[in-house]
Amino acid sequence: MTPQVVYESPDGTPFPVEWAHADLARDQWRWDQVHNPTPLTPLAQDLIALKREGMYRGGDATGRPFLEERIYANGYGFSRRQEGDPRNTERSRALAARDSEERIDCLIGLWESSYLPETEALTRLIQEWAAPDDSLLDLLRRYDQIEIAWRRCGELHTLSTGLAGVAMRQFDEFCRDKFGDEGTRVAVESISGMPNMSVKSGVALWELSREAASRPAAADLLRSHPAEEFLSTLDDIAEGPAFKRHLDQFLETWGQRNESYYEVGYLTWREDSEFVLSIIRTYIDAPEDRNPTVLHQRAVETRIARTEDVASRLDDPAVLDEFLIGQRRAQQHTVLMEDHNYFIDQRAYTSLRTPHQAIGARLVEAGALDNADDVFYLHIAEIKEHGDHPDRKYQALIAGRQADRERWMHVLPPQVIGGDAPLATSNHDVGSESVRIASIQGLAASAGTVTGTARVILSLDEASQLSPGDILVTYATAPPWTPLFAIAGGVVTDAGGPLAHCAVVAREYGIPAVVGTTKATSAIKDGMTISIDGTTGLVTIQS
């Protein structure tokens, strides 16, 4: 019998977990808040498992095996460290040493000449996989092609970023050894201001807003109308068609992305441009000093100044050379983290919507689904097995899963389950007033201080609430959140570390950021006045 244990969510809501066997419940499993801030659909869970299989292969091939297991409870992903350390094996050490010797100085070159072209080829394969005249059985019989392509993307993910992460950690350790408590700040400022796809997409969106601002009738229409009405009436004004062409060009280049690392069920910007238009609406009246190009140049200047500062402090030429070599290697991490995020975690992943929508449409024709997008609520095994059970209907199953996901979408899960994680208690008063917290300690991610109005934003659907100078408070950020950094005065997240997406982009945009607080979204209420110190990691709640 599958053991069930009921844990306690931060607000006291019972959080039941069905353990596959009792032994799993003895260890602690930590919520992956960065990648999985909301419950995933069943298909997304399975696709991420496929990708991780590829990532494991990449880790094994380069002598850096992954040491993590993953399970899902109520749609949320939880991970634990595996027992033992495969890196301690002689084979792994030899592989890792050889891999580092061969690749650590040429990772960007390998990305541009090999990993990126293959990623783009796999993306096209996935997008073009289903032909209009393919039957449902045709698609199901060759579904393994999708699995193979996406698994390979996971392998390319590790090949692109794994060694870059090693280089960054080595550089951070060097800087902490030479500069003490200041070391991590020295390290991250020394790799800021590098060109990457997150910055490029932000610049492209800013330029699109300038196109809107240069057309007063289009700008006024956008300011005064919701996205859907704006698009439906754009052709009715003289300047509308011209701006629409620029918008379409932007979406063609940058629109193959959605707001999540892991949820394939979310619409892409191409399918729903509301978020893009909400950002343009805010950018139209923003001062030029919020231009991402200007902000990125400041990050470049910070890197140059920090490099000169280190050169003046390291008297030994050999030690300075070691710093410069480590810096050059670690700078690859900034570029590859953001570029692989865009091309693999976004473009390639969201391209998986296309073949699954094709399967969904055929399941609708067969009477098995009501809507093509309901396919995201099926597991891969259920999709593949349909050919053997052509009369099977999924409407009731999917309705139940949709209701469950909607319910858990509004529950903040516990940080950990298993082990000695707190269990639900029958006498917890969910409605009782929580103790007011005066300050929260997180991790310093981007230097600087700022005081402003907190905007607790948990999805990009709420992004329009963010006004210039507000402090963005959220679980974590993914690459499509980048445009918000040109609006926010600072950022605070529950999850992440100094090398997470939020930290990297905050440094590129020159705004203070504190990450890894674990509880900012529950302790800070929307509209509060807060102060953040991105140098110390302290968040102070003023009112």
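These numbers come from a predicted model, not from an experiment.

Peer 1: Run through the overall build of the protein chain, naming residues and quoting values.
Peer 2: Assigned secondary structure in the protein chain consists of 18 helices and 14 strands. What you see for the protein chain is a C-alpha radius of gyration of 24 Å, in line with the 24 Å of a compact globule of 543 residues. Across its three principal directions, the C-alpha atoms of the protein chain cover 75 × 70 × 60 Å. Expressed as a percentage of its 543 residues, the buried residues of the protein chain come to 54%. Residue pairs at least 24 apart in sequence account for 70% of intrachain contacts in the protein chain once pairs closer than 6 positions are excluded. Accessible area for the protein chain stands at about 23,200 Å²; split by element, carbon and sulfur atoms hold 50% of it. When the 53 positive and 82 negative side-chain charges of the protein chain are each reduced to one mean point, those points stand 3 Å apart.

Peer 1: Give me the lowdown on the pattern of salt bridges, citing residues and values where you can.
Peer 2: According to the stated counting rule, one finds 36 salt bridges in the structure shown. A salt bridge links Glu69 to Arg80, with the shortest nitrogen-to-oxygen separation between them at 2.8 Å. Of the two residues, Glu69 is situated in strand β4 (residues 68-73) and Arg80 in strand β5 (residues 76-81); the sequence distance between them amounts to eleven residues. For Arg80, a relative accessible area of 15% corresponds to the buried category. The residue Arg215 makes a salt bridge to Glu211 at a minimum N-O spacing of 2.7 Å.

Peer 1: Any chance you could break down a negative patch on the surface for me, citing the residues and the numbers?
Peer 2: On the surface, Glu228, Glu229, Asp272, Glu274 and Asp461 cluster together to form a negatively charged patch. Structurally, Asp272 is set in the loop between α10 (240-254) and α11 (274-284). For Asp272, a relative accessible area of 33% translates into the label partly exposed.

Peer 1: Before we move on, can you summarise the confidence of the model for the protein chain with the specific residues and values?
Peer 2: Of the residues in the protein chain, 97% have a pLDDT of 70 or more, and the chain-wide mean is 92. Low pLDDT (under 50) marks residues 428-433, which in the prediction has six contacts with non-local residues, meaning those over four places away or in another chain.

Peer 1: Give a detailed account of the pairing of strand β13 (residues 529-533), specifying residues and quantitative values.
Peer 2: Pairing between strand β9 (residues 449-456) and β13: five bridges, direction antiparallel. Bridge assignment links Thr451 to a residue of β13, and that residue is Ser531. When β13 meets strand β14 (residues 538-541), the two strands line up antiparallel, connected through four bridges. Directly across from Ile530, in β14, lies its bridge partner Ile541. Following β13, the chain reverses through four residues before pairing antiparallel with β14; Gly537 in that reversal takes a positive phi of roughly 85°.

Parameters at a glance
Counting starts from 1 at the beginning of each chain's written sequence and moves along it residue by residue. Local features in this predicted model are restricted to residues whose pLDDT is 70 or higher, and side-chain atom pairs enter the listing and the counts only when it is 80 or higher, whereas totals over whole chains, interfaces and linings include all residues. Only hydrogens and water are removed before side-chain values are computed, so all heavy atoms of the structure are retained for them. By the criteria applied, helices consist of DSSP H or I runs no shorter than four residues and strands consist of E runs no shorter than two, each listed in order from the N terminus. Two things to know: the radius of gyration comes from C-alpha atoms, and the globule rule equals 2.2 Å times the number of residues to the power 0.38. Each residue gets one of three labels from its accessible area relative to the maximum for its type: buried under 20%, exposed over 50%, partly exposed in between, using a 1.4 Å probe on protein chains only. Any pair of residues with heavy atoms lying within 4.5 Å of one another is described as a contacting pair. In this description, accessible areas are obtained by the Shrake-Rupley approach with a 1.4 Å probe, and a residue is regarded as covered only by the protein chains that are shown. Under the counting rule used here, the positive set is Lys and Arg, the negative set is Asp and Glu, and His together with the chain ends is not counted. Positions of charges follow a simple convention, taking NZ of Lys, CZ of Arg, CG of Asp or CD of Glu. Salt bridges are defined as contacts in which a side-chain nitrogen from Lys or Arg sits within 4 Å of a carboxyl oxygen from Asp or Glu. The residues that make up patches have over 30% relative accessible area and no salt bridge, and they are joined within 9 Å when like-charged or within 5 Å when they are Val, Leu, Ile, Met, Phe, Trp or Tyr. For every residue, the predictor states its confidence as a pLDDT score lying anywhere from 0 to 100. Here the rule is simple: two strands pair whenever DSSP picks up at least two bridges between them.

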